[in-house]
Amino acid sequence: MTGKALVINGPNMNLLGQREEGLYGSLTLQELESGLKEKARKLGLEVDFFQSNHEGDLVERIQGSEDYDFIIINPAAYTHTSVAIRDALLAVGKPFIEVHMTNIYAREDFRHHSYLSDVAVGQIVGLGPLGYTLALEAAYFFLKGDYGS
Ligand code: CA2
């Protein structure tokens with residue numbers, strides 16, 4: 001089976017493995033992405049990656065995602081603020097999974113609300129880098145058409 005997934009990370013995710021390792025772990029974004037590349041290869045999926053610290057760049061990447069079948073997105077802080085990212089995802093109409101490294105529901109109140117969760121296929125929180133791997137596997141089953149069975 002074939003399918004193409006796009007993994008998008010929002011602001012400060014470029015600092016993974018370099019700061020706040022107690023919270024976000026020691027894996028760098030590059031290491032996270034190469035692990036996902038390998039997982040995608042095993043699943044027979046194609047995968048591309050995008051990270052930006054800028055809301056408009058994230059919106060434009062989402063708008064230009066017509067070639068992809070599935071999006072995995074950690075909008076980072078924009079999760080809690082961005083109607084623009086929500087609208088872009090709704091505009092392209094691609095199925096997507098929202099991933100967070102940390103359990104946003106166990107953190108400050110302002111992190112409990114997501115502008116994406118009600119329009120996502122699903123949300124994975126608190127599992128660190130494993131969340132992205134599981135999201136990719138979920139994308140595989142979703143695209144195969146036996147998601148939920
Ligand atoms: O838990 C997550 O994945 C978050 O999306 C991470 C965001 C935070 O604003 C969300 O509430 C939850 C923070 C981005 C990561 O920032 C880093 C800062 C230093 C080192 C590594 C990452």
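Keep in mind that what you see is a predicted model, and the values were worked out from it rather than measured.

Rules used in this analysis
Residues numbered from 1 in each chain as written. Predicted model: local features only at pLDDT ≥ 70, side-chain atom pairs only at ≥ 80, totals over all residues. Heavy atoms only, no water. Buried < 20%, exposed > 50% of the residue type's maximum accessible area, 1.4 Å probe, protein only. Helix = DSSP H or I, 4+ residues; strand = E, 2+ residues; numbered from the N terminus. Pairing = 2+ DSSP bridges. Right-handed = clockwise from strand over helix to strand, strands pointing away.

> Describe in detail the pairing of strand E3 (residues 70–74), supporting the description with residues and values.
The buried fraction of E3 amounts to five of the five residues, a majority that puts the element mostly inside the structure. Taking every second residue as pointing to the same face, both faces of E3 are buried, with Phe70, Ile72 and Asn74 on one and Ile71 and Ile73 on the other. The sheet contact formed by strand E1 (residues 4–9) and E3 spans five bridges and is parallel. Across the sheet, Asn9 pairs through a bridge with Asn74, a residue of E3. Bridge count between E3 and strand E4 (residues 96–100): three bridges; the pairing is parallel. If you follow Ile73 over to E4, its bridge partner there is Glu98. The parallel pair E3 and E4 is bridged by helix H4 (residues 83–92), and the resulting crossover is right-handed.

> An account of unusual backbone geometry is requested, with residue identities and associated values reported.
Unlike most non-glycine residues, Asn12 shows phi in positive territory, near 75°. By secondary structure assignment, the location of Asn12 is in the loop between E1 and helix H1 (21–24). If you check the backbone angles, Ala76 has positive phi at about 55° while not being a glycine. Counting through the fold element by element, Ala76 comes out in the loop between E3 and H4. By relative accessible area, which is 13% here, Ala76 ends up buried.

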